[in-house]
Protein chains: 2
Amino acid sequence: PASPRPTMEETGEKNGGFDVLYHNMKHGQLATKELAEFVRERAAVEETYSKSMSKLAKMASNGSQLGTFAPMWDVFRVSSDKLALCHLELMKKMNDLIRDINKYGDEQVKTHRKTKEEMVGTVEAVQALQVQSGHLQKSKEGYHTKCLELDRLRKEGAPQKELEKAELKSKKAAESFALYIEKYNRVGGEFEQKMSESAQRFQEIEEAHLRQMKQLIKSYSHSIEDTHVQVGQVHEEFKQNVENIGIDILIQRFAEQKGTGKERPASVGFEEYMAALTPEGGKK
Amino acid sequence: PASPRPTMEETGEKNGGFDVLYHNMKHGQLATKELAEFVRERAAVEETYSKSMSKLAKMASNGSQLGTFAPMWDVFRVSSDKLALCHLELMKKMNDLIRDINKYGDEQVKTHRKTKEEMVGTVEAVQALQVQSGHLQKSKEGYHTKCLELDRLRKEGAPQKELEKAELKSKKAAESFALYIEKYNRVGGEFEQKMSESAQRFQEIEEAHLRQMKQLIKSYSHSIEDTHVQVGQVHEEFKQNVENIGIDILIQRFAEQKGTGKERPASVGFEEYMAALTPEGGKK
């Protein structure tokens, strides 16, 4: 009976469905592997970015220490260093996530192996149905042939003995056919039962898989979000630091460092030289 | 007179101060050049990051299209592509900023050249003061020597004629010394005037330079902030998209794609085969 929305079970109603569902489990393993690879690449990207930021910090620290602008380079250096740290931390979180994904991947393989064992009965039911389907077809054809033969003999007005013999054959074929129908229906019922159970199990496995995958993606997303917030704080700090170092402060620092003195040169007078000479010149 | 906080003028009160201030202008040019280099490096870093994100998008688009997880790769692809665009845009903004910095650098060179011409008078005043300082020292020493000589002769009780001659020499040396003092003070006053003007001009140039540099940094900061906001939106979208693709939807899509049929196999009955044979078998 059709449910309001398709489910796994609908994929498994015919013999081929079992294979589709079984192989989908393997696709689940592939998805886990690919997610780990994607996150590994992201980790590498963040590592590279972090290193680039460290290089920028180095560049800022090599900024000329002469001139009024010099203190600004420290603001750039601090900010770049902090950004480098943020992205390095993200790389580490990505590496942690890869471990989680791989751990799940291992569990997944175990679950699938166990499921394979549990589904031996279904595989047998599928095979039995295929076998019975063959028998059914063959006995149907046999019965069909016998009926046609009987019909032909009747039309030809064959002797009674021959007709009786053909009727017996037809009756036996009908009995055999009926037997195979019964067998087919019994095996079919078993198949339906097993297949329904397996489809249910496949669906559970798939749901658990997707739940787990979404959980891993959430962790990915969460780490990136955290870093994004941190990076925002570093930017805010940078802006604030630039704001805080006023032009007057820069000029003041420069004057303090390079200043040659606060006193204006006093004007020279003759008297002091006379006075300076007094000890010698004034002895007279 | 000392002002409440140091200013450029305090750097220029002695002869060496002019050189300090003049060279600081050159440091301003270096700062502009270094800022352009820093922004260029940042642009390169963003370009690399953008390319890495495109690579990640490619990786996501190569994610297996089999299995229930398949539609999630599209969410990763779209997000990575958008991040690549955000950082590419930032790279472009950095390149625009480099152009602005270089443009300012050219103006700066012109301003400094003009300033150098304007300050010829100050340079001359500095040199004149140095020359007069030498003369002053020399005439002071000359006067000193004559006074000592007169003193010695008096102690020795030299003849009146010799004393009168020495007194005349001492008087002449005193007159010359007084003349050099007057000259030195006049040149010193000129120097002070010129130096004060120049220091004021240097301060104006420096303030304008720092104002411009801070403006350029603000533009840098603003571009990074814009990108940060955009990146945040991309993350929010990613999270929302992951949320929106429910596990039931993924299973539904898979069932629709891979489903082998919605109908359960009907059980087989003998009657239908009999009926199927009727046109031939039922003619009797």
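These numbers were taken from a predicted model, which means no experiment stands behind them.

Peer 1: Please give an account of the overall build of chain A that cites residues and values.
Peer 2: When its secondary structure is counted, chain A shows six helices and zero strands. Secondary structure of chain A in N-to-C order comes out as α-α-α-α-α-α. Counting over 284 residues, chain A shows a buried share of 44%. Excluding contacts between residues fewer than 6 apart, the proportion of contacts in chain A whose partners are at least 24 apart in sequence is 86%. Here chain A has roughly 15,100 Å² of accessible surface; of this, 52% comes from carbon and sulfur atoms.

Peer 1: Could you give an account of the packing of helix α3 (residues 120-156) of chain A against helix α4 (residues 160-244) of chain A, naming the residues involved and the relevant values?
Peer 2: All names here are of chain A. It is at 7 Å that the axes of α3 and α4 come closest, and there the two elements cross at 160°. The orientation of α3 with respect to α4, classified from their angle, is roughly antiparallel. Between α3 and α4 lies a crossing whose hand is left-handed. In the contact of α3 with α4, the residues fall into 20 nonpolar, eleven polar and eight charged.

Peer 1: Report on the packing of helix α2 (residues 70-118) of chain B against helix α4 (residues 160-244) of chain B, specifying residues and quantitative values.
Peer 2: All names here are of chain B. Close contact between α2 and α4 brings their axes to 9 Å; oriented N to C, the two are set at 175°. Judged by the inter-axis angle, α2 sits roughly antiparallel to α4. A per-class count over the contact of α2 with α4 returns 19 nonpolar, 14 polar and eight charged.

Peer 1: Go over helix α3 (residues 120-156) of chain B, please, and point to the residues and values.
Peer 2: Residues and elements named next belong to chain B. Compared with the 54 Å implied by 1.5 Å per residue over 37 residues, the 54 Å span of α3 between its first and last C-alpha is a close match. Buried within α3 we find Thr122, Ala125, Val126, Leu129, Gln132, Leu136, Ser139, Tyr143, Cys147, Leu150, Asp151 and Leu153. The positive-phi residue at the C-terminal boundary of α3 is Gly157, with phi of around 65°.

Peer 1: Report on a positive patch on the surface, specifying residues and quantitative values.
Peer 2: Residue and element names in this part refer to chain A. A surface patch of like charges, here positive, comprises Lys26, Lys110, Arg113 and Lys116. By the element assignment, Arg113 lies in helix α2 (residues 70-118). Owing to a relative accessible area of 52%, Arg113 belongs among the exposed residues under this scheme.

Cut-offs used in this document
- Residues numbered from 1 in each chain as written.
- Chains lettered and ligands numbered in written order.
- Predicted model: local features only at pLDDT ≥ 70, side-chain atom pairs only at ≥ 80, totals over all residues.
- Heavy atoms only, no water.
- Helix = DSSP H or I, 4+ residues; strand = E, 2+ residues; numbered from the N terminus.
- Buried < 20%, exposed > 50% of the residue type's maximum accessible area, 1.4 Å probe, protein only.
- Contact = heavy atoms within 4.5 Å.
- Areas by Shrake-Rupley, 256 points an atom, 1.4 Å probe, with all protein chains shown as cover.
- Axes fitted to C-alpha atoms, helices over the stretch in contact; angles between N-to-C directions.
- Parallel < 35°, antiparallel > 145°, perpendicular 65-115°, else oblique.
- Left-handed = near helix turned anticlockwise from the far one by under 90°.
- Nonpolar A, V, L, I, M, F, W, Y, C, P; charged D, E, K, R; others polar.
- Expected span 1.5 Å × (residues − 1).
- Patch = residues over 30% accessible without salt bridge, like charges linked within 9 Å, V, L, I, M, F, W, Y side chains within 5 Å.
- Salt bridge = Lys/Arg side-chain N within 4 Å of Asp/Glu carboxyl O.
- Lys, Arg positive; Asp, Glu negative; His and termini not counted.
- Charge placed at Lys NZ, Arg CZ, Asp CG, Glu CD.

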